Amino acid sequence: MTEQPKILLSIQDQIAIITLNRPEVRNAINGEVLQGLKEALERILAEPQVRVAIVTGAGDRAFSSGLDLKAAASGQGFMPRGNVRSDFDALQFGGQIYSMIEDLPVPVIAAINGYCLGIGMELALACDIRLASENAVFSLPEVQMGTIPDTGGTQRLTKIVGPGKAKELIFTGRRIDAAEALRIGLVEHVYPQDRLMEEAKKLAQEIAAIAPPLIQGAKRAINVAVSYPLELGLNYEVTTAIATRQDIRQGSASLLQKSKP
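Sequence order as written defines the numbering, with residues in each chain counted from 1. Owing to the predicted nature of the model, reporting of local features is limited to residues with pLDDT of at least 70; listing and counting of side-chain atom pairs is limited to 80 or more, with chain, interface and lining totals taken over all residues. In computing side-chain properties, one takes all heavy atoms of the structure into account and sets aside hydrogens as well as water.

Asks: Run through the overall build of the chain, naming residues and quoting values.
Replies: Secondary structure counts use DSSP, requiring at least four H or I residues in a row for a helix and at least two E residues in a row for a strand, with both numbered from the N terminus. Secondary structure summary: the chain contains eleven helices and ten strands in total. Judged by the C-alpha coordinates and their principal axes, the chain covers about 60 × 45 × 40 Å. Here the chain holds 261 residues, and 43% of them are scored as buried. The contact criterion used throughout is that any non-hydrogen atoms of two residues lie within 4.5 Å. Nonlocal contacts in the chain, meaning residues at least 24 apart in sequence, comprise 70% of its contacts between residues at least 6 apart. Summed over all atoms, the accessible surface of the chain reaches about 14000 Å², with 55% contributed by carbon and sulfur. The rule is simple: take the accessible area with a 1.4 Å probe, protein chains only, and divide by the maximum for that residue type; under 20% is buried, over 50% is exposed, in between is partly exposed. The Shrake-Rupley method, run with a 1.4 Å probe, gives the accessible areas here. Residue values count only the displayed protein chains as cover.

Asks: Give me empty space enclosed by the protein: which residues, what numbers.
Replies: Site definitions follow a grid-based scheme: protein atoms alone, a 1 Å grid, a 1.4 Å probe that fits but cannot get out for cavities, and for pockets an open set with protein on both sides within 12 Å along at least five of seven lines, plus lining residues having an atom within 4 Å of a point. Grid points are joined across faces, edges and corners, and a volume is the space filled by probe spheres set on the points. Tallied over the entire structure, the rule returns one cavity of 30 Å³ or more. The volume enclosed by the largest cavity comes to roughly 40 Å³. Lining the largest cavity, in full, are R51, P105, V106, P107, I207, A208, P212, I215 and Q216. Listed by contribution, the elements that provide at least two residues to the lining of the largest cavity are α8 (196-208) and α9 (212-225). Broken down by element, the lining of the largest cavity gets its largest block of residues, three residues, from α9. Taken together, the residues of the lining of the largest cavity break down into seven nonpolar, one polar and one charged. Classification convention: Asp, Glu, Lys, Arg as charged; Ala, Val, Leu, Ile, Met, Phe, Trp, Tyr, Cys, Pro as nonpolar; all other residues, Gly among them, as polar.

Asks: Could you give me a rundown of the layout of surface pockets, with the residues and numbers involved?
Replies: Of the volumes computed, that of the second largest pocket is approximately 580 Å³. Lining the second largest pocket are 22 residues, with C127, D128, I222, N223 and V226 sitting closest to its centre. Elements that contribute at least two residues to the lining of the second largest pocket include exactly α3 (87-103), α4 (119-126), β7 (129-133), α5 (153-161) and α9. For the lining of the second largest pocket, the element with the highest residue contribution is α9, accounting for five residues. Within the lining of the second largest pocket, the residues separate by chemical class into eleven nonpolar, four polar and seven charged.

Asks: Requested: an account of the packing of α9 against helix α10 (residues 230-244), with residues and values cited.
Replies: Note on method: axes are straight lines fitted to C-alpha atoms, helices fitted across the in-contact stretch only, with angles between N-to-C directions ranging 0 to 180 degrees. Interhelical geometry of α9 versus α10 gives an angle of 175 degrees and a closest axis separation of 9 Å. By the angle between their axes, α9 is roughly antiparallel relative to α10. Here α9 contributes P213, L214, G217, R220, A221 and V224 to the contact with α10, which in turn contributes G233, Y236, E237, T240 and T244. A breakdown of the residues in the contact of α9 with α10 according to their chemical character gives five nonpolar, four polar and two charged. Any angle from 65 to 115 degrees is called roughly perpendicular, while one under 35 is roughly parallel, one over 145 is roughly antiparallel, and all others are oblique.

Written out as structure tokens, the structure reads:
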């Protein structure tokens, strides 16, 4: 019997959907998943018609339950030991793939259906916008395993929810539900599970309707805002605005027409 790919990629109507495809283990992440994710991102980069990407998990139980614990217990972690020189190399392998999401020239929406734990939550943190189902559960439980979040969790969570809340969640490994995630700004919206993908696609279509240079420029400028001092970010914003500007007269006329009663 042919083994199913660990990552599914579909592209339709300018929207790419990346699906973690291990529902039998709640979409736990191992080396094969990360390699498949890398290949999917590379394909999106090579497909200029793609304007937005959505990342989700197969089934209705989990976005991702985190690291494949069986692989970790056997000493494999992200990838077989023979493929890396050290634990540092292995962590960089995962971290660089997540950074590809941030650097992707199109917005990436995480549609979080169910469990979103550990390295799975770190994947969601690397996305630009996070939508959650009402049954979503979030946690970075690494300290309970004898390590700390090591695929960007300490950095990205802090920038999204602030240092105090990030420390509380990371120090305790505590689980929070979708309502709490919405309250602290970890996710932007919460929907009933049967509407999650519908709403994710609706948002993706809304973004895809905007001129790509504007969306790409805005993403780059916002990423600079959370990574560099304000003065540098403001200068970058002005430079990017000039470089990506469309016909403002036409756009203003169109917006004025829409605003008329």
